[in-house]
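Notes for the structure review
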Amino acid sequence: MRVLIVEDEPYMAQAIRDGLRLEAIAADIAGDGDTALELLDVNTYDIAVLDRDVPGPSGDEIAARIVASGSGMPILMLTAADRIDDKASGFELGADDYLTKPFDLRELVLRLRALDRRRARSRPPVREIAGVRLDPFRREVYRDGRYVALTRKQFAVLEVLVAAEGGVVSAEELLERAWDENADPFTNAVRITVSALRKRLGEPWVIATVPGVGYRIDAGSDAGGERG
(Lines give C-alpha, C1' and ligand atoms only; values in the text may rest on other atoms or scores of the structure.)
Protein backbone atom coordinates (compact mmCIF):
# COMPACT_ATOMS: atom_id res chain seq x y z
CA MET A 1 0.00 0.00 0.00
CA ARG A 2 1.23 3.51 -0.79
CA VAL A 3 -0.30 6.56 0.86
CA LEU A 4 0.09 10.32 0.59
CA ILE A 5 0.46 12.15 3.91
CA VAL A 6 -0.41 15.85 3.71
CA GLU A 7 0.85 17.33 6.97
CA ASP A 8 2.65 20.63 7.57
CA GLU A 9 4.18 19.72 10.94
CA PRO A 10 7.52 18.14 9.91
CA TYR A 11 8.08 16.11 13.07
CA MET A 12 4.59 14.65 13.02
CA ALA A 13 4.80 13.91 9.30
CA GLN A 14 8.12 12.13 9.72
CA ALA A 15 6.85 10.18 12.74
CA ILE A 16 3.83 9.03 10.75
CA ARG A 17 5.97 7.99 7.78
CA ASP A 18 8.43 6.11 9.99
CA GLY A 19 5.58 4.36 11.81
CA LEU A 20 3.86 3.34 8.58
CA ARG A 21 7.10 1.94 7.20
CA LEU A 22 7.19 -0.43 10.17
CA GLU A 23 3.82 -1.71 8.95
CA ALA A 24 4.99 -2.19 5.35
CA ILE A 25 3.08 0.90 4.19
CA ALA A 26 4.99 3.26 1.90
CA ALA A 27 4.23 6.93 2.48
CA ASP A 28 5.12 10.18 0.71
CA ILE A 29 4.91 13.49 2.57
CA ALA A 30 3.58 16.82 1.32
CA GLY A 31 4.03 19.76 3.66
CA ASP A 32 1.62 22.03 1.78
CA GLY A 33 -1.30 21.87 -0.59
CA ASP A 34 0.63 22.74 -3.74
CA THR A 35 3.13 19.92 -3.18
CA ALA A 36 0.27 17.53 -2.46
CA LEU A 37 -1.42 18.32 -5.76
CA GLU A 38 1.86 17.93 -7.64
CA LEU A 39 2.45 14.50 -6.09
CA LEU A 40 -1.12 13.43 -6.87
CA ASP A 41 -0.51 14.37 -10.51
CA VAL A 42 2.59 12.22 -10.91
CA ASN A 43 2.09 9.29 -8.51
CA THR A 44 -0.56 6.68 -7.85
CA TYR A 45 -1.70 6.41 -4.25
CA ASP A 46 -4.04 3.98 -2.53
CA ILE A 47 -5.16 6.46 0.16
CA ALA A 48 -4.73 10.17 0.92
CA VAL A 49 -4.31 11.28 4.54
CA LEU A 50 -5.07 14.99 4.69
CA ASP A 51 -4.50 17.53 7.42
CA ARG A 52 -7.26 20.05 6.82
CA ASP A 53 -5.18 23.06 7.85
CA VAL A 54 -2.09 23.21 5.61
CA PRO A 55 -0.50 26.11 3.68
CA GLY A 56 -1.63 26.69 0.11
CA PRO A 57 -4.69 24.77 -1.03
CA SER A 58 -6.25 23.40 2.16
CA GLY A 59 -6.95 19.78 2.95
CA ASP A 60 -10.57 20.48 2.07
CA GLU A 61 -9.58 21.77 -1.37
CA ILE A 62 -7.33 18.78 -1.97
CA ALA A 63 -10.15 16.43 -0.97
CA ALA A 64 -12.49 18.19 -3.40
CA ARG A 65 -9.92 17.79 -6.20
CA ILE A 66 -9.51 14.08 -5.46
CA VAL A 67 -13.26 13.52 -5.48
CA ALA A 68 -13.67 15.53 -8.70
CA SER A 69 -10.97 13.44 -10.40
CA GLY A 70 -13.19 10.37 -10.12
CA SER A 71 -10.26 8.21 -9.00
CA GLY A 72 -12.21 6.80 -6.08
CA MET A 73 -9.18 7.25 -3.84
CA PRO A 74 -10.20 6.96 -0.16
CA ILE A 75 -9.57 10.06 1.96
CA LEU A 76 -8.78 10.12 5.67
CA MET A 77 -8.94 13.55 7.29
CA LEU A 78 -6.58 14.51 10.12
CA THR A 79 -7.47 17.51 12.25
CA ALA A 80 -7.25 18.98 15.72
CA ALA A 81 -10.90 20.02 15.48
CA ASP A 82 -13.17 17.46 17.11
CA ARG A 83 -16.56 19.18 16.88
CA ILE A 84 -19.32 17.26 15.14
CA ASP A 85 -19.88 20.16 12.73
CA ASP A 86 -16.22 20.01 11.66
CA LYS A 87 -16.43 16.28 11.07
CA ALA A 88 -19.71 16.63 9.20
CA SER A 89 -18.22 19.19 6.83
CA GLY A 90 -15.28 16.87 6.16
CA PHE A 91 -17.55 13.98 5.29
CA GLU A 92 -19.63 16.24 3.08
CA LEU A 93 -16.48 17.06 1.11
CA GLY A 94 -15.97 13.38 0.40
CA ALA A 95 -13.82 12.15 3.29
CA ASP A 96 -14.17 8.44 4.01
CA ASP A 97 -12.82 8.57 7.55
CA TYR A 98 -11.79 11.08 10.18
CA LEU A 99 -9.09 10.98 12.86
CA THR A 100 -8.70 13.66 15.51
CA LYS A 101 -5.28 14.75 16.79
CA PRO A 102 -3.63 13.54 18.91
CA PHE A 103 -4.06 9.95 17.80
CA ASP A 104 -2.41 6.59 18.29
CA LEU A 105 -0.39 5.48 15.28
CA ARG A 106 -1.80 1.97 15.60
CA GLU A 107 -5.29 3.38 15.15
CA LEU A 108 -4.18 5.17 11.98
CA VAL A 109 -2.76 1.91 10.62
CA LEU A 110 -5.98 0.04 11.37
CA ARG A 111 -8.06 2.73 9.68
CA LEU A 112 -5.81 2.75 6.62
CA ARG A 113 -6.07 -1.02 6.25
CA ALA A 114 -9.84 -0.83 6.67
CA LEU A 115 -10.07 1.85 3.96
CA ASP A 116 -7.87 -0.23 1.67
CA ARG A 117 -10.18 -3.20 2.17
CA ARG A 118 -13.24 -1.11 1.34
CA ARG A 119 -11.48 0.26 -1.74
CA ALA A 120 -11.14 -3.25 -3.11
CA ARG A 121 -14.48 -4.75 -2.08
CA SER A 122 -14.19 -7.43 -4.75
CA ARG A 123 -11.06 -8.81 -3.11
CA PRO A 124 -11.31 -10.87 0.10
CA PRO A 125 -9.41 -9.46 3.10
CA VAL A 126 -7.25 -12.61 3.13
CA ARG A 127 -5.91 -13.28 -0.37
CA GLU A 128 -4.82 -16.62 -1.73
CA ILE A 129 -3.13 -17.57 -4.98
CA ALA A 130 -0.90 -20.47 -6.02
CA GLY A 131 -0.72 -21.83 -2.48
CA VAL A 132 0.26 -18.44 -1.04
CA ARG A 133 -2.07 -17.09 1.63
CA LEU A 134 -1.55 -13.43 2.58
CA ASP A 135 -3.34 -11.72 5.45
CA PRO A 136 -2.68 -7.95 5.20
CA PHE A 137 -4.20 -7.19 8.61
CA ARG A 138 -2.21 -9.72 10.62
CA ARG A 139 0.77 -9.32 8.26
CA GLU A 140 1.04 -13.08 7.98
CA VAL A 141 2.00 -15.17 4.97
CA TYR A 142 1.65 -18.93 4.51
CA ARG A 143 2.88 -21.12 1.66
CA ASP A 144 0.98 -24.39 1.41
CA GLY A 145 0.10 -24.11 5.10
CA ARG A 146 3.66 -23.26 6.17
CA TYR A 147 4.22 -19.92 7.91
CA VAL A 148 6.72 -17.72 6.04
CA ALA A 149 8.55 -15.01 7.96
CA LEU A 150 9.11 -11.95 5.76
CA THR A 151 10.74 -8.59 6.19
CA ARG A 152 8.51 -5.52 5.90
CA LYS A 153 9.69 -4.78 2.38
CA GLN A 154 9.31 -8.37 1.23
CA PHE A 155 5.75 -8.38 2.57
CA ALA A 156 4.96 -5.12 0.77
CA VAL A 157 6.27 -6.49 -2.54
CA LEU A 158 4.37 -9.75 -2.14
CA GLU A 159 1.18 -7.84 -1.32
CA VAL A 160 1.41 -5.98 -4.64
CA LEU A 161 2.11 -9.19 -6.58
CA VAL A 162 -0.73 -11.11 -4.93
CA ALA A 163 -3.15 -8.23 -5.55
CA ALA A 164 -2.31 -8.44 -9.27
CA GLU A 165 -3.85 -11.96 -9.25
CA GLY A 166 -1.33 -13.45 -11.63
CA GLY A 167 -0.90 -10.34 -13.76
CA VAL A 168 2.57 -9.04 -14.54
CA VAL A 169 3.83 -6.21 -12.34
CA SER A 170 6.77 -4.21 -13.65
CA ALA A 171 9.80 -3.40 -11.52
CA GLU A 172 8.87 0.26 -11.88
CA GLU A 173 5.40 -0.35 -10.47
CA LEU A 174 6.79 -2.39 -7.57
CA LEU A 175 9.21 0.44 -6.82
CA GLU A 176 6.32 2.92 -6.92
CA ARG A 177 3.91 0.86 -4.78
CA ALA A 178 6.23 -0.73 -2.20
CA TRP A 179 8.83 2.01 -1.76
CA ASP A 180 8.32 5.78 -1.57
CA GLU A 181 9.29 8.90 -3.49
CA ASN A 182 12.84 8.79 -2.13
CA ALA A 183 13.58 5.49 -3.86
CA ASP A 184 16.27 5.63 -6.54
CA PRO A 185 14.66 4.65 -9.88
CA PHE A 186 17.98 3.09 -10.95
CA THR A 187 18.35 0.95 -7.83
CA ASN A 188 18.45 -2.85 -7.99
CA ALA A 189 16.44 -3.03 -4.76
CA VAL A 190 13.44 -4.57 -6.52
CA ARG A 191 15.48 -7.39 -8.06
CA ILE A 192 17.24 -8.11 -4.77
CA THR A 193 14.00 -8.04 -2.77
CA VAL A 194 12.15 -10.29 -5.23
CA SER A 195 15.04 -12.76 -5.26
CA ALA A 196 15.09 -12.91 -1.45
CA LEU A 197 11.29 -13.17 -1.33
CA ARG A 198 11.33 -16.05 -3.81
CA LYS A 199 13.78 -17.94 -1.59
CA ARG A 200 11.72 -17.26 1.53
CA LEU A 201 8.62 -18.70 -0.14
CA GLY A 202 10.59 -21.79 -1.17
CA GLU A 203 10.42 -24.24 -4.03
CA PRO A 204 8.74 -24.73 -6.38
CA TRP A 205 9.33 -21.05 -7.15
CA VAL A 206 6.05 -19.15 -7.09
CA ILE A 207 7.30 -15.78 -8.37
CA ALA A 208 7.93 -15.84 -12.09
CA THR A 209 10.24 -13.42 -13.85
CA VAL A 210 8.90 -12.22 -17.19
CA PRO A 211 12.08 -11.08 -18.99
CA GLY A 212 12.01 -7.42 -19.89
CA VAL A 213 8.53 -6.98 -18.41
CA GLY A 214 8.39 -7.69 -14.67
CA TYR A 215 7.18 -10.29 -12.20
CA ARG A 216 4.04 -12.29 -11.51
CA ILE A 217 2.70 -14.97 -9.21
CA ASP A 218 2.80 -18.30 -11.04
CA ALA A 219 1.22 -21.60 -10.01
CA GLY A 220 3.65 -23.69 -12.07
CA SER A 221 6.64 -25.52 -10.70
CA ASP A 222 9.19 -23.45 -12.66
CA ALA A 223 8.68 -19.74 -12.11
CA GLY A 224 11.79 -18.24 -13.59
CA GLY A 225 14.37 -19.69 -11.22
CA GLU A 226 16.87 -17.15 -9.96
CA ARG A 227 16.82 -14.85 -12.96
CA GLY A 228 15.92 -11.89 -10.72
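Since the structure is predicted, the reported quantities are computational estimates derived from the model, not experimental observations. Position numbers for residues count from 1 along each chain, tracking the sequence in the order it is written. Two thresholds apply to this predicted model, a pLDDT of at least 70 for residue-level local features and 80 or more for giving and counting side-chain atom pairs, whereas whole-chain, interface and lining totals are computed over all residues. For the side-chain quantities, the full set of heavy atoms in the structure was used; hydrogens and water were omitted.

A separate point is the nonpolar core. Grouping buried Ala, Val, Leu, Ile, Met, Phe, Trp, Tyr and Cys residues that are joined through side-chain atoms within 4.5 Å yields what is termed a nonpolar core. The buried label goes to any residue with under 20% of its type's maximum accessible area, the exposed label to any with over 50%, and the partly exposed label to all in between, with areas taken from a 1.4 Å probe on protein chains only. In terms of nonpolar packing, the biggest core is built from 28 residues, with V141, V157, L158, L161, L174, L201 and I207 touching the most fellow members. The helix count covers DSSP runs of H or I at least four residues long, the strand count covers runs of E at least two residues long, and both are numbered beginning at the N terminus. Put simply, the parts of the chain that give this core at least two residues each are β7 (132-135), α6 (152-163), α7 (171-178), α8 (189-201) and β11 (214-217). At 7 residues, α6 tops the list of elements feeding residues into this core. Setting aside residues up to four positions removed in sequence, V141 forms contacts with V132, R133, L134, R146, Y147, V148, L150, F155, L158 and L201. Formed by 19 residues, the second largest nonpolar core is a distinct cluster that contains Y45, A48, V54 and M73. We call two residues in contact when some of their heavy atoms are within 4.5 Å.

Attention now goes to the UniProt feature "modified residue: 4-aspartylphosphate" (unreviewed entry) in the chain. UniProt positions are given in the numbering used here, feature names are shortened, and annotations may be inferred rather than shown by experiment. According to UniProt, the "modified residue: 4-aspartylphosphate" (unreviewed entry) feature falls on D51. Tracing the chain through its elements places D51 in strand β3 (residues 47-51). According to the relative accessible area criterion, D51 is buried, its value standing at 5%. Among residues more than four places away in sequence, those in contact with D51 are V6, E7, D8, G59, L78 and K101. The definition of a polar contact used here is a pair of N or O atoms within 3.5 Å, where within protein one atom must be able to donate a hydrogen and the other to accept one, and adjacent residues in sequence count solely through side-chain atom pairs. There is a polar contact of 3.0 Å between the side chain of D51 and the backbone nitrogen of D53.

Glancing now at the packing of α6 against α8. Orientation is described by lines fitted to C-alpha atoms, with helices fitted over the stretch in contact, and by angles between N-to-C directions that extend from 0 to 180 degrees. Axis separation between α6 and α8 bottoms out at 10 Å; the angle between their running directions is 90°. As far as their axial angle goes, α8 and α6 are roughly perpendicular. Residue-level inspection shows K153, Q154, V157 and L158 of α6 in contact with α8, the latter providing T193, V194, A196, L197, R200 and L201. Residues are grouped as follows: nonpolar covers Ala, Val, Leu, Ile, Met, Phe, Trp, Tyr, Cys and Pro; charged covers Asp, Glu, Lys and Arg; every other residue, Gly included, is treated as polar. Class assignment of the residues belonging to the contact of α6 with α8 gives a composition of 6 nonpolar, 2 polar and 2 charged. Should an angle fall under 35 degrees it is called roughly parallel, over 145 degrees roughly antiparallel, and 65 to 115 degrees roughly perpendicular, with every other angle called oblique.

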